[in-house]
Amino acid sequence: LLLLLEATLLRLASSSHHPFYNGFYYNRIMNDKGNGQEKVVYFNGAKLVVETPKDPVYSSNGANVTLPCHYHYEPDLEAKRRIRIKWSKLRDDYTKEQDVLVAIGKTYVAFGNFKGRAHLCQASQREASLVVSDVRLQDDGKYRCEVIDGLEDESDVVDLRLQGVVFPYQPPRGQYRLNFHEAERACQEQGAILATFNQLFQAWSEGLDWCNAGWLADGTVQYPIRLPRKPCGGLHLAPGIRSYGLRHRHLHRFDAFCFSSALRGEVFYLDHPAGMTLEEAKQSCQDAGAEIARVGQLYSAWKFLGLDRCDAGWLADGSVRYPITKPRANCGPPEPGVRSFGFPSKGQFGVFCYKER
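Residues numbered from 1 in each chain as written. Predicted model: local features only at pLDDT ≥ 70, side-chain atom pairs only at ≥ 80, totals over all residues. Heavy atoms only, no water.

Q: Explain the overall build of the chain here, please?
A: Check the secondary structure of the chain and you find five helices and 23 strands. Sorting the 357 residues of the chain into buried and exposed places 42% on the buried side. Contacts spanning at least 24 positions in sequence make up 61% of the contacts within the chain whose residues lie at least 6 apart. Roughly 19500 Å² of accessible area belongs to the chain as shown, and the carbon and sulfur atoms make up 53% of that amount. (Helix = DSSP H or I, 4+ residues; strand = E, 2+ residues; numbered from the N terminus. Buried < 20%, exposed > 50% of the residue type's maximum accessible area, 1.4 Å probe, protein only. Contact = heavy atoms within 4.5 Å. Areas by Shrake-Rupley, 256 points an atom, 1.4 Å probe, with all protein chains shown as cover.)

Structure below.
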């Protein structure tokens, strides 16, 4: 035991000259001079306060967005040290936060898929706002703005929400065939991502009613009910989000709830007098300088561009659907929505194509 203790102390002593790594990527600039030397920091008696908006900040796919963050002292004083700023993204499943950006003064580093897209906006004194360009579906969520002044460390959270649409999805194989990882891939293949609970709740508040359970981004399985009924939890339960809770991500199988945001291009319909097979439909879109549309793109065009077409058309996954914003006779139910004919193995239809602007 004594030999083990001695060896441990020798190892610590031999490594004491290395910069300390604290998870904030400040190991090379631990003090104001940036030379790694020890420095005594005295408490100045002022309270550091960090403030972000209480209301969500809204954006859309492909846009640029600023997440406001400001700090001050109570009582007010002049900061004599270089302020350290860290932005991180909170995860839906409450695991380790995702590093977005760290900065000291005018020097900053962005991480992961935020490289080249994130920078600080310091247009005014004591501003630490984060600017994200070319917003992506995965950027939706909560962000922590953390300000470090010496030994003082304060933070606040800002909520970035993408304007989008949630849609239920099941593959051609049928109902309840996807484990969590397959559900993630299925949504990505349709130009979408797995929806968060907040996104599903927003869709439910706007009228989404679906009796099949589906995966969400946090690994839970839930479904939205507006009109209680016996097969959907029972007649006597109130409307709301029904939850199966966390499920095993490999073993359990359900459908998926996908989330897609505004489009960077347009969805349009092509027809042929005799209709088209799926392969002919794909070729027709290519001939028009486009590609066959994905399910998420059709939902986005219906939601944000008002696409209304009472003609069934092929989509990339082999399904046949059509979008209705103004319900009318011979065009399905009396509510707006994207109608589906499923995955026909035979038949000839038109096609919905997608083209980038």
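Q: What is the right way to read the sheet that holds strand β9 (residues 129–132) from this model?
A: The pairing of strands in a sheet happens through backbone hydrogen bonds and is either parallel or antiparallel. With antiparallel pairing, three strands are arranged side by side in an open sheet as β3-β9-β8. Among the strands making up the open sheet, the edge pair consists of β3 (65–67) and β8 (118–121). When the angles between neighbouring strand axes are averaged without regard to direction, this sheet yields 30°. Pairing geometry for β3 and β9, over three bridges, is antiparallel. Bridge pairing in β9 links threonine 66 to valine 131. (Pairing = 2+ DSSP bridges. Axes fitted to C-alpha atoms, helices over the stretch in contact; angles between N-to-C directions.)

Q: What exactly am I supposed to notice about the pairing of strand β6 (residues 98–104) here?
A: In summary, the side chains of a regular strand alternate between the two faces of the sheet. The element β6 is largely enclosed, with a buried count of six among its seven residues. When strand β5 (residues 84–89) meets β6, the two strands line up antiparallel, connected through six bridges. Following the sheet pairing, serine 88 is matched in β6 by aspartate 99. For β6 and strand β7 (residues 107–110), the ladder comprises four bridges, and the chain directions are antiparallel. Bridged to valine 102 within β7 is valine 109. Remark: two residues form the turn of the hairpin made by β6 and β7, two consecutive strands paired antiparallel; glycine 105 in that turn has positive phi of roughly 65°.

Q: Help me understand the pairing of strand β21 (residues 320–324) in this model?
A: Across the five residues of β21, five count as buried, placing the element largely inside the fold. Neither face of β21 is exposed, since Val320, Tyr322 and Ile324 on one face and Arg321 and Pro323 on the opposite face are all buried. Bridge analysis of strand β20 (residues 313–314) against β21 gives two bridges, and the strand direction is antiparallel. Bridge pairing links glycine 313 to arginine 321 in β21. With antiparallel pairing between neighbouring strands as the criterion, β20 and β21 make up a hairpin whose turn holds five residues, including glycine 318 at a positive phi of roughly 90°.

Q: Looking at this structure, I do not really get the environment of tryptophan 204. What am I missing?
A: Relative to the elements of secondary structure, tryptophan 204 occurs in helix α3 (residues 197–205). Overall, tryptophan 204 belongs to the buried group, its relative accessible area being 16%. Aside from chain neighbours lying at most four places away, what touches tryptophan 204 is Pro224, Ile225, Arg226, Pro239, Gly240 and Ile241.

Q: Explain the nonpolar core here, please?
A: Among soluble globular proteins, nonpolar side chains are generally buried collectively. Membership of the largest hydrophobic core comes to 85 residues, with the highest contact counts inside it found for Leu67, Trp87, Leu130, Tyr143, Val267 and Phe352. Take this core: its biggest share by element is five residues, from helix α5 (residues 295–304). With residues near it in sequence (within four places) discarded, leucine 130 still touches Val65, Thr66, Leu67, Trp87, Val100, Leu101, Ala118, His119 and Tyr143. (Core = buried A, V, L, I, M, F, W, Y, C linked by side-chain atoms within 4.5 Å.)

Q: What is the right way to look at unusual backbone geometry in this model?
A: Residues apart from glycine generally show negative phi values, whereas peptide bonds are mostly found in trans. Between glutamate 74 and proline 75 the backbone carries a cis peptide bond, its omega angle lying at -5°. For proline 75, the position within the fold is in the loop between β4 (70–74) and β5. Positioned with a positive phi, arginine 126 is a non-glycine residue whose angle comes to about 60°. Counting through the fold element by element, arginine 126 comes out in the loop between β8 and β9. A positive phi is found at asparagine 330, a non-glycine position, where the angle reads about 65°. Tracing the backbone shows asparagine 330 in the loop between β21 and β22 (337–340). On the basis of relative accessible area, asparagine 330 is assigned to the exposed category, the value being 79%.

Q: When you look at the state of the cysteines in this model, what are you seeing that I'm missing?
A: Disulfide: a covalent bond connecting the sulfur atoms of a pair of cysteines. Using the criterion set out here, one finds five disulfides in the structure. A sulfur-sulfur separation of 2.0 Å characterises the disulfide bridge that pairs cysteine 69 with cysteine 145. Because the torsion about its S-S bond is -80°, the bridge between cysteine 69 and cysteine 145 counts as left-handed. A residue pair is termed long-range when its members are at least 10 positions apart, and cysteine 69 in the loop between β3 and β4 and cysteine 145 in strand β10 (residues 141–149) qualify at 76 residues. Here cysteine 69 and cysteine 145 have matching classes, each one buried. The partner cysteine of cysteine 285 in its disulfide is cysteine 353, sulfur to sulfur 2.0 Å. Judged by the sign of its S-S torsion, about -80°, the cystine formed by cysteine 285 and cysteine 353 is left-handed. Remark: cysteine 353 occurs in strand β23 (residues 350–356) and cysteine 285 occurs in helix α4 (residues 278–287); sequence separation between them is 68 residues. Cysteine pairing for the chain (bonded cysteines numbered in sequence order): 1-2, 3-6, 4-5, 7-10, 8-9. (Disulfide = S-S within 2.5 Å.)

Q: In this structure, what is going on with the sheet that holds β5? I would like to understand it.
A: Taken in spatial order, the six strands of this open sheet run β2-β11-β10-β5-β6-β7, and their pairing is mixed. In this open sheet, the two edge strands, each paired with only one partner strand, are β2 (57–59) and β7. Across the sheet, the mean angle from the axis of one strand to that of its neighbour is 20°, orientation sign disregarded.

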